Amino acid sequence: MNASSPPMPSAAHRRPGRPGVRFLLAHPAHLIALGFGAGLSPVAPGTVGTLWAWLAFLVMQQWLSPASMGVVIAASTLVGWWACTIAARNMRVADPGSIVWDEVVAFWLVLWLAMPMGLWGQLAAFALFRFFDAAKPGPVAWADSLFKGFGWRGGWGILFDDFVAAFCTLLVIALWRF
């Protein structure tokens, strides 16, 4: 670094829960938990992660059968549990907003169980899921408070409230279709 360049902010000056590209690439768990970069968004990382999930699902369904998608979602849940546990521990934040793998897997579950749907149905599913995930009404707030902290319990907690938000979304879609 020369005398004219400004000093780089150290990790100590970075706000907790706001990792950068260096953190993203430092461990495979970080890359997964941060949704391959979607969680680095400075604005609404959960929404960006859900949009990434939507696009990834549409691409994957071109090559995978519904049963194979179920296997991918189950495996992604287990891998995500590991990745969210590691990333949260390394960020020293129990449930950081930049971890978006929970949104990814939960929204894949919504799309997998609710498809086939046209664009408007998928958009409604997206809006409902984002509402339940962000506003955390009733059962989602309960799920969010159930598993807190670090370690495997906290890693599961990061995922669990999003699965409950997915269930609430699917319930509304089912009632709407009925």
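Structure's up top.
Report follows, based on the coordinates. (Residues numbered from 1 in each chain as written. Predicted model: local features only at pLDDT ≥ 70, side-chain atom pairs only at ≥ 80, totals over all residues. Heavy atoms only, no water.)

**Let's talk about unusual backbone geometry**
Trans peptide bonds make up most of the peptide bonds, and negative phi angles are found at most residues other than glycine. For clarity, the cut-off: Only runs of H or I of at least four residues qualify as helices and only runs of E of at least two qualify as strands under DSSP, and these elements are numbered from the N terminus. Three exposure classes are used, based on accessible area relative to the maximum for each residue type with a 1.4 Å probe and protein chains only: buried under 20%, partly exposed in between, and exposed over 50%.
With omega at 5°, the peptide bond leading from Met115 into Pro116 counts as cis. One can find Pro116 in the loop between α5 (101–114) and α6 (119–135). Although it is not a glycine, Phe36 adopts a positive phi angle of roughly 55°. Using a relative accessible area of 43% as the deciding quantity, one classes Phe36 as partly exposed. Located in the positive-phi region is Arg92, a residue other than glycine, with phi close to 60°. Topologically, Arg92 is positioned in the loop between α4 (66–91) and α5. Of the residues examined, Arg92 reaches a relative accessible area of 71% and is grouped as exposed.

**Points about the nonpolar core**
Most often, soluble globular proteins have nonpolar side chains that are buried together. Note the threshold: Here, nonpolar core means buried Ala, Val, Leu, Ile, Met, Phe, Trp, Tyr and Cys residues that are tied together by side-chain atoms lying within 4.5 Å of each other. Contacts are residue-level and defined by heavy atoms, with any inter-residue pair within 4.5 Å sufficient.
In this structure, Ile99, Phe107, Trp108 and Val110 are the most contacted members of the largest nonpolar core, which totals 49 residues. Those elements giving two or more residues to this core turn out to be α1 (21–26), α2 (28–33), α3 (45–60), α4, α5, α6, α7 (138–146) and α8 (151–177). Beyond its immediate chain neighbours, meaning those up to four positions away, Val110 contacts Ala125, Phe129, Ala166, Thr169, Leu170 and Ile173.

**Details of the environment of Arg130**
Note the following rule: By the criterion applied in these results, polar contacts are pairs of N or O atoms within 3.5 Å in which, for protein atoms, one can donate a hydrogen and the other can accept it, and in which residues neighboring in sequence qualify only through two side-chain atoms.
Here Arg130 is to be found in helix α6. Overall, the relative accessible area of 14% leaves Arg130 in the buried class. Spatially, the C-alpha atom of Arg130 lies 20 Å from that of Leu146, the residues being 16 residues apart in sequence. Once residues within four sequence positions are removed from consideration, Arg130 is found in contact with Gly46, Thr47, Thr50, Glu103 and Ala135. Reaching out from Arg130, the side chain makes a polar contact with the side chain of Thr47 at a distance of 3.1 Å.

**Comments concerning a nonpolar patch on the surface**
Cut-off, in case you're wondering: Only residues whose relative accessible area exceeds 30% and that form no salt bridge enter a patch; like-charged residues are grouped when within 9 Å of one another, and nonpolar side chains (Val, Leu, Ile, Met, Phe, Trp, Tyr) when within 5 Å. Only the protein chains shown count as cover for residues, and the accessible areas themselves come from Shrake-Rupley with a 1.4 Å probe. Salt bridge, as applied in this entry: a Lys or Arg side-chain nitrogen positioned within 4 Å of an Asp or Glu carboxyl oxygen.
Judged by side-chain polarity, Leu55, Val59 and Trp63 come together as a nonpolar surface patch covering roughly 380 Å² of accessible area. Summarising the element assignment, Leu55 is placed in helix α3. By relative accessible area, which is 54% here, Leu55 ends up exposed.

Everything listed is a geometric property; what it means functionally is a separate question.
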